Amino acid sequence: MVKNTNAMDATTKQSLVFAVNGRSFELCNVDPSTTLLEFLRYQTPFKSVKLSCGEGGCGACVVLLSRYDSATDKVEDSTVSSCLTLLGSVNGCSITTAEGIGNSKDGFHPIQERFSGFHASQCGFCTPGMCVSFYSALINAEKSNDRPEPCTGFSKLTVSEAEKSIAGNLCRCTGYRPIVDACKSFASDVDMEDLGFNSFWRKGESNEVKLSRLPPYDRKNATRVFPEFLKKDSTVGANVDSQRCHWRSPVSLEELQNLLQMEGNEGTSMKIIVGNTGTGYYKEHVHYDKYIDLRYIPKLSIIRKDSTGIEIGAAVMISKAIETLKEENEGEFSQEAKLVFEKIGDHMEKIASRFIRNSGSVGGNLMMAQRKHFPSDIATILLSVDTIVEIMTGQSRLKLTLEEFLGRPPLDSRTVLLSIKIPCWELSRGVSSDAHDKLLFETYRAAPRPLGNALPYLNAAFLAQVSLRESPTGFMLKNCRFAFGAYGTKHAIRVKQVEEFFSGKLLSISVLYEAIKLLETLVIPEDGTSRPAYRSSLAVGFLFEFLSPLIDSTVKVPNGSVNGYNRASLFEYSTQEHDRFSQTKFPTLISSSKQEVGLKNEYHPVGEPTTKTGAILQASGEAIYVDDIPSPKDCLYGAFIYSTEPRARVKGIKLNHGSSPDGVIALITSKDIPGFNLGSKSFFGSEPLYAEELTEGVGQRIAFVVADTQKNADIAANLAVVEYDKENLEPPILSVEEAVERCSFYNVPPPLYPKQVGDLSEGMAEANHRILDAQIKLGSQYYFYMETQTALAIPDEDNCMVVYSSIQCPEYAHNTIAACLGVPGHNVRVKTRRLGGGFGGKAVKSMAVASACAVAAYRLHCPVRVYVNRKFDMIMSGGRHPMKITYSVGFKSNGKITALKLDILLDSGMFVDVSPIMPAHMLGSLRKYDWGALSFDIKLCKTNLPSRGAVRAPGDAQASYISEAVIEHVASYLSMEVDSVRNINLHTHNSLEFFFPTSAGEPSEYTLPSIWERLATTSSFYDRTKMVKVFNRCHKWKKRGISRVPIVYEVSMRSTPGKVSILRDGSIVVEVGGIEMGQGLWTKVKQMTAYGLGLVKCGGAQDLLEKVRVIEADTLSVIQGGLTAGSTTSEASCEAVRLCCNVLVERLIPLKEKLMEKFGSVEWETLILEAYSNSVNLSAIELYVPNFSTMRYINYGVAVSEVEVNLITGETTILQTDIIYDCGQSLNPAVDLGQIEGAYVQGIGFFMLEEYLTNSDGLVITDNTWTYKIPTVDTIPKQFNVEILNSGNHKDRVLSSKASGEPPLTLAVSVHCATRAAVREARRQVLSWGGGNEAGSTLVQLEVPATMPVVKELCGLDIVQKYLQWTIAKN
Ligand SMILES: Cc1cc2nc3c(=O)[nH]c(=O)nc-3n(C[C@H](O)[C@H](O)[C@H](O)COP(=O)(O)OP(=O)(O)OC[C@H]3O[C@@H](n4cnc5c(N)ncnc54)[C@H](O)[C@@H]3O)c2cc1C
Ligand code: FES
Ligand code: FES
């Protein structure tokens, strides 16, 4: 129902008015607690807003929210996450999504064009959010008046701002570098030389030419026009009554009090909200009757500055607070106060991401800390500066110190935080002013991501007045406040005993040591907190970092006189001395990157860096993914109920425990399956769709709740209670050791089990040294595709079913669905257009998702879809195979290894999935060195844990690590340089043939030795190795490491079909078995089609590329599609298409010759028309079947990585990575470059960041973006140089090309090895301080992933204490 707003009084308004991309919406009776994302995706055509996490952690759903301020007559534009923003709070706003920035109808925006041209979009699922985040930064920079006018074609934005604009957005495909380049291309201070490989210009062109080739950016069109009709509504909050709930926006404290009072009387459930971002952390599965939006109460939005401090209303957004704290406060405050405010602002910039800070309020944050013990940054930093808060309960208002506020029992839901007041800090405050006094203030935070978007392990803020004493000379602390928080405590605390301890004492090493001993007893995480010792060690480290510059002998009193030590030099404390601890500073996130790409046009347009097909549609959000397909009429939604017991009988499922779930239509279990209970079927076995009597492991699907909306289905599934019975059941197998004890294994078909190499006992006998039975363990990794599992099943006539599935193997889903439904194969049709990322995770597991929808649709006679939420996706996916490795290695004194024996136990989980491929995959990379002899025993353990899948570079990633761990161990044993041990064990072509008898290829194809040497030169490896040594000698608290690592990665081709059809107008339609999931398969296929048909050599045949369209996979149109996996599907699909083109060209050539004879020349369109008239068959379908003897081949590459480790926090910064990768002759260097960089960064995730943890039953506990941290733009190499080697002709390859999708992932082990080298240096240093054996030993088994706690633990959690003890003993 649409109402006329003019007639209404603003305060009793009953509708919501806002605009989306210029289109007005006036909604009555809408549920205002619907999220903006739900509204946009389900009730508008704007599908560019993607759901990926639903908790504010990824940026896929970011939109621009513009609000008009009538007081200033200005429009404020800021990004927000639409998955957390509620519809009630967008009244009067203008919302812009990616489609609104630009689109195919009205024209694309240069941002979108540049994203496409810089190859910054692969699967494209993150791209709309990225574009919106950047767009917001761009238009906001343009609005500022205090910036100089940029040159024509550029914006007012700086490079650093451009990079940071996307810091909170996750991308799993690209590795970020091209995205950053696309953004930087707008910056006023960009050096065009720094912009990476793109489709606009070629190397060597002048800057003017480069600029002229970029899609032009016109600043005149930069600002958005705010819809006039909204101007009056934008200052009014919504007051809406819907069937579901009421939304109130009080405009005064009195009104608020009345509302809260009423709540108490009516007994209804009520929630106060501001930005609603809190629900990103505290997920809510309940509906409230009433929402009270605090943003329109002046007292809560106040920002007041006076000489006593800054008062900030509780409803002020964090970003606004930052702006206030950091703005030039000319004359208003003392220098000390400015410093304090500014540093608080700096720290706040690391909270969440910009789009959360734009809607999350300061008060919301503090209330979460107060009521629910949220690990807040704001609470800690404000605690250290004596912040005062004002709260209101009923009519009474109360001012409290923040400490009192936090220390109170959780405040009730009717108590409102009104404002905070940060006092103005001056030297004279409470103490007598002294000419040599100085106020020091620093804040700290140790978190997996330096720029934010990650909760800290611990945060701290220290304020102290420091006084320089004359006799005895030294510093004395006065008036100090040391606050710590977020380390697993109820709330931030001040360590008053430590503060008091310092009182009246001159700072010295022993005083500091005593203080630290005291601190250790005070900062202790509560039981159940992860990494407690690490967190406590951070507290010690930070206090040491803060105070030690005041003691260190290098801080000298000039001329020995106190008078000479002026305020200025003390002031420098915070800048220079501090840098001794913090990471080396870089002006920008990615300081430089280079891509060297050799281009060849022998097979034009194959080999060209053509932009990715559909990239621009992905950037505008118009590209359609499964969940973007509009829901058919009467569509229902499903959600899985899964087992939380590893082995138990399912006695029953109760849906309505406590509260009755809304909208539930049905509960589908195994009993409802008309055919076989089949969730998936691969070459090696099958798994049931739903557990029958017995669950086999946690995360196993038990049932499917079907409801009227996805939200209701999710809520119902979440509330469902499964009753289990474990009586008289064998205990579950929860480790590989238990599996061995109980002989629980999966079989590997003998042809898939690789052969042993050489004679182990001979090799061992040859050795001078042996390491026996060393052990390592490896954990898992989650795919983290941005689009979670999804499918839509639509019943069709005559018992048929059409299923849209986001899957890497539609053919397999097809068979599974048919078996489930008990219908012949021809009754089922599975369609897949594109995937929002796959990485191996959308193979076996997606079949069950598709089948579940099909079964439900079949039973309920209506369409059923599911978009699996991130949590369940993470729980069910299983991820990489964890493993336990025992190795024995024999070697000579010069480092040459003569024999390696490996016993590997893989945890394959409850179902076989594709585990039997693992031994062959592992051996593909384990044979990267000449081990002399290699003997191995790989067992696939059947456990009651989630079944594991094939994650990008399955087995190879782990094998690369194992190989390098062995090399490192040998080097350490012999005290040799690791690089020399690698060098001496690299394969010769002879040894390569011995290890890879069927895939070694010709000697000329073995490019590894030359790449190995070449990279040493181009990356200045030897010089930098020396520089690292010098650096390590000079730095106590930072250590560097550098490592060069080769890869040898075997892949195998598989049969793949292709179909090429030429339409009457000469346009061409192509279908292939391979699925486009971001890897550029369609682009390569298009190029190959244009090349293949171009061989007909008629007029215009050279330019067929634009005439080719690759269309969705359809299992009834092209059969035998197989599986897109193993890095070779692109080339196999290309080959299939080339075969089709050959057939068509053969059919067309006689006709062409006839026409040529007649007319002298013939154009493509004429030729095709003639072919139609002459009934030439213009559709060809072929199955490419690789030649058995040449189907396997090896890929080579080398990486050099240099890292810096912070010994206080364990943080590793990747300073530089150089890669050379041999692509044979790249089919598309832009696509291959993207694959190399993206895979490498995903590898960084595996080796350094991503902890995929489970509880003891195997239930994934890192099941969200809060706990699972994939790389972000601030964790990739600061310098990232990649060279694609076009190594020439490879006769058995598809136009000489080689794979690029997975092998480069394993190069990321170089970062791990470099980190290990840095850790070794740290341990050597501890040894030199007389540290104990365990920290002093330089044999380092560094766990994977080498997260901050892991690195710090190896460097010594007590490294500071050791140093202090040593210093005290020395003096
Ligand atoms: C992805 C993400 C990452 C984050 N990272 C960090 C981080 O690194 N460090 C950090 O410190 N924080 C972090 N946060 C927390 C963030 O700062 C808070 O979510 C935000 O400040 C809450 O503000 P809000 O206005 O959205 O609160 P809401 O979600 O609207 O409210 C939160 C709670 O407080 C109550 N409430 C709100 N205002 C008041 C008031 N004035 N009086 C009484 N009750 C009130 C609400 O009823 C609700 O219970 C992160 C949040 C997200 C989503
Ligand atoms: S879906 Fe909203 S931030 Fe991830
Ligand atoms: S392109 Fe960024 S997630 Fe795929």
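Computed from a prediction, not measured in an experiment: that's the story for all the values here.

### With respect to the overall build of the chain
And step 1. In terms of helices and strands, the chain carries 39 helices and 45 strands.
And step 2. Residues counted as buried form 65% of the 1371 residues belonging to the chain.
And step 3. Sequence-distant contacts, at least 24 apart, represent 78% of the contacts inside the chain between residues at least 6 apart.
And step 4. If you sum the accessible surface of the chain, you get close to 47500 Å²; carbon and sulfur atoms cover 50% of it.

### What about the side chain of Q618?
And step 1. Inspection of the secondary structure assignment puts Q618 in helix α19 (residues 615-620).
And step 2. Among the residues examined, Q618 registers a relative accessible area of 2% and is labelled buried.
And step 3. Here Q618 is in contact with S121, Q122, C123, G124, T127, P128, K612, T613, A623, Y625 and R834, once residues within four sequence places are set aside.

### Points about the nonpolar core
One recurring pattern in soluble globular proteins: nonpolar side chains tend to sit buried together.
And step 1. Grouped together as the largest cluster of nonpolar side chains are 326 residues, with contacts concentrated most on F482, F484, F704 and I962.
And step 2. Setting aside chain neighbours within four positions, we find F484 in contact with T380, L458, N459, A460, F462, A492, I493, V495, L519, V523 and A539.
And step 3. Within the second largest apolar cluster, 60 residues are counted, among which are I297, L339, M348 and V416.

### Brief notes about the environment of R1324
And step 1. Structurally, the position occupied by R1324 is in helix α36 (residues 1309-1328).
And step 2. Relative accessible area serves as the criterion here: at 40%, R1324 is assigned to the partly exposed category.
And step 3. Along the chain, R1324 and C1355 lie 31 residues apart, while their C-alpha atoms are 9.4 Å from each other.

### Examining the packing of aromatic side chains
And step 1. Enumeration according to the criterion identifies 56 aromatic pairs in this entry.
And step 2. Geometrically, the ring pair formed by Y782 and Y783 is edge-to-face, given 6.3 Å between the ring centres and 70° between the ring planes. The two residues Y782 and Y783 agree in class, both being buried.
And step 3. Taking the centre distance of 5.0 Å and the plane angle of 65° together, the rings of F1246 and F1247 count as edge-to-face.
And step 4. When its relative accessible area of 0% is taken as the criterion, F1247 is described as buried.
And step 5. Directly above the ring of F784 sits R870, whose terminal nitrogen or CZ lies 4.3 Å from the centroid.
And step 6. Looking at R880, its charged tip hangs above the ring of F1246, at a distance of 4.8 Å from the centre.

### Digging into the sheet that holds strand β5 (residues 94-96)
And step 1. One open sheet holds the 5 strands; their spatial order is β2-β1-β5-β3-β4, and the pairing between them is mixed. Here the strands that pair on one side only, and so sit at the sheet edges, are β2 (23-28) and β4 (74-81). Along the sheet, successive strands turn relative to each other by an average axial angle of 30°, direction set aside.

### Looking at the pairing of strand β13 (residues 396-401)
And step 1. Relative to β13, strand β12 (residues 388-393) runs antiparallel, the two being bridged by 6 bridges. Directly across from I391, in β13, lies its bridge partner L398.
And step 2. A loop of 2 residues connects β12 with β13, the two strands running antiparallel in sequence, and G394 in this loop sits at a positive phi of about 60°.

### As for unusual backbone geometry
Glycine aside, negative phi is the norm for most residues, and most peptide bonds take the trans geometry.
And step 1. The omega torsion across H604 and P605 is 0°, close enough to zero to call that bond cis.
And step 2. Along the chain, P605 falls in the loop between β19 (592-597) and α19.
And step 3. P1345 follows V1344 through a cis peptide bond whose omega is -5°.
And step 4. Within the secondary structure layout, P1345 lies in the loop between α37 (1333-1336) and α38 (1348-1355).
And step 5. Positive phi, normally seen in glycine, also occurs at F784, with a value near 50°.
And step 6. One non-glycine residue, F839, lies in the positive phi region at around 55°.

### Notes on the sheet that holds strand β39 (residues 1068-1072)
And step 1. In spatial order, the strands read β40-β39-β38-β42; together these 4 strands make up an open sheet with mixed pairing. The open sheet has two edge strands with one neighbour each: β40 (1108-1110) and β42 (1179-1184). If you compare each strand with its neighbour and ignore which way they point, the axes differ by 20° on average.
And step 2. Here strand β38 (residues 1056-1062) runs beside β42; their pairing, made up of 6 bridges, is antiparallel. Residue pairing in the sheet places S1061 in a bridge with S1179 of β42.
And step 3. Helix α33 (residues 1129-1159) rests against β38, β39 and β42 of the sheet, and its axis sits at about 140° to β42.

### Comments concerning the pattern of salt bridges
And step 1. Overall, the coordinates contain 78 salt bridges when judged by the stated rule.
And step 2. A salt bridge links K633 to D634; its shortest N-O distance comes to 3.4 Å.
And step 3. Look at D634 and you get exposed, because its relative accessible area is 52%.
And step 4. Among the ionic contacts, a cluster of salt bridges with common partners joins K928, E964, E968, R982, R1316 and R1320.

### Brief notes about helix α4 (residues 127-143)
And step 1. For α4, built from 17 residues, the straight-helix expectation of 24 Å at 1.5 Å per residue is met to within 8% by its first-to-last C-alpha distance of 24 Å.
And step 2. Burial analysis of α4 places 15 of its 17 residues in the buried class, the great majority of the element.

### What to know about the environment of L926
And step 1. In this structure, L926 sits in helix α26 (residues 918-926).
And step 2. On a C-alpha basis, the gap between L926 and G1238 in space is 23 Å, while along the polypeptide they are 312 residues apart.
And step 3. Beyond its immediate chain neighbours, meaning those up to four positions away, L926 contacts L902, I904, W931, A959, I962 and S963.

### Considering the site of ligand 1
And step 1. Taken together, the neighbourhood of ligand 1 is formed by 37 residues, with I272, T277, G278, S361 and D377 sitting nearest.
And step 2. Taking 960 Å² as the accessible area of ligand 1 by itself, protein coverage stands at 96%.
And step 3. Among the secondary structure elements, those contributing two or more residues to the shell around ligand 1 are β8 (270-273), α12 (362-372), α13 (377-383) and β14 (415-423).
And step 4. Residue composition of the shell around ligand 1, grouped by class: 20 nonpolar, 12 polar and 5 charged.

### Structural notes on the packing of helix α27 (residues 956-974) against α36
And step 1. Packing of α27 against α36 leaves a shortest axis separation of 10 Å and a crossing angle of 30°. Classified by the angle their axes make, α27 and α36 are roughly parallel. In this structure, α27 crosses over α36, and the sense of that crossing is right-handed. Here S960, Y961, E964, A965 and E968 of α27 come into contact with α36, specifically with V1309, H1312, C1313, R1316 and R1320.
And step 2. When grouped by side-chain class, the residues that make up the contact of α27 with α36 number 4 nonpolar, 2 polar and 4 charged.

### Focus: the side chain of N827
And step 1. Mapped onto the secondary structure, N827 falls in the loop between α23 (810-821) and β32 (828-832).
And step 2. Among the residues examined, N827 registers a relative accessible area of 11% and is labelled buried.
And step 3. Of the polar contacts made by the side chain of N827, one reaches the backbone oxygen of N799; its length is 3.1 Å.
And step 4. If we ignore the near neighbours within four places in the chain, the residues touching N827 are D798, N799, C800 and M801.

### Some words on the pairing of strand β21 (residues 648-654)
For a regular strand, side chains alternate in direction, first toward one face of the sheet and then toward the other.
And step 1. Examined bridge by bridge, β21 and strand β25 (residues 694-695) share 2 bridges and lie antiparallel to one another. Bridging from a neighbouring strand, R649 pairs with L694 of β25.

### Thoughts on the confidence of the model for the chain
And step 1. For the chain, the mean per-residue pLDDT works out to 92, and 94% of the residues sit at or above 70.
And step 2. In the predicted structure, residues 1-12 sits below a pLDDT of 50 and forms 20 contacts with residues beyond four places in sequence or in another chain.
And step 3. Across residues 553-575 the pLDDT falls below 50, and counting only partners more than four positions away or on other chains, this stretch makes 44 contacts in the model.

### Considering the environment of S144
And step 1. Along the chain, the position of S144 falls in the loop between α4 and α5 (159-164).
And step 2. Separated by 13 residues in the primary sequence, S144 and L157 place their C-alpha atoms 9.7 Å from one another.
And step 3. A distance of 2.9 Å separates a polar atom in the side chain of S144 from a polar atom in the side chain of R147.

### Quick notes on helix α39 (residues 1359-1370)
And step 1. When the terminal C-alpha atoms of α39 are compared, their 16 Å separation across 12 residues agrees well with the 16 Å that a helix rising 1.5 Å per residue should span.
And step 2. Buried within α39 we find I1359, V1360, Q1361, K1362, Y1363, L1364 and T1367.

The rules behind each value
- Residues numbered from 1 in each chain as written.
- Chains lettered and ligands numbered in written order.
- Predicted model: local features only at pLDDT ≥ 70, side-chain atom pairs only at ≥ 80, totals over all residues.
- Heavy atoms only, no water.
- Helix = DSSP H or I, 4+ residues; strand = E, 2+ residues; numbered from the N terminus.
- Buried < 20%, exposed > 50% of the residue type's maximum accessible area, 1.4 Å probe, protein only.
- Contact = heavy atoms within 4.5 Å.
- Areas by Shrake-Rupley, 256 points an atom, 1.4 Å probe, with all protein chains shown as cover.
- Core = buried A, V, L, I, M, F, W, Y, C linked by side-chain atoms within 4.5 Å.
- Phe/Tyr/Trp six-rings, centres within 6.5 Å; stacked < 30°, edge-to-face > 60°.
- Lys NZ or Arg CZ within 6 Å of the ring centre and 35° of its normal.
- Pairing = 2+ DSSP bridges.
- Axes fitted to C-alpha atoms, helices over the stretch in contact; angles between N-to-C directions.
- Salt bridge = Lys/Arg side-chain N within 4 Å of Asp/Glu carboxyl O.
- Expected span 1.5 Å × (residues − 1).
- Near = heavy atom within 4 Å.
- Nonpolar A, V, L, I, M, F, W, Y, C, P; charged D, E, K, R; others polar.
- Parallel < 35°, antiparallel > 145°, perpendicular 65-115°, else oblique.
- Left-handed = near helix turned anticlockwise from the far one by under 90°.
- Polar contact = N/O pair within 3.5 Å; in protein donor to acceptor, adjacent residues only side chain to side chain.
- pLDDT = per-residue confidence, 0-100.

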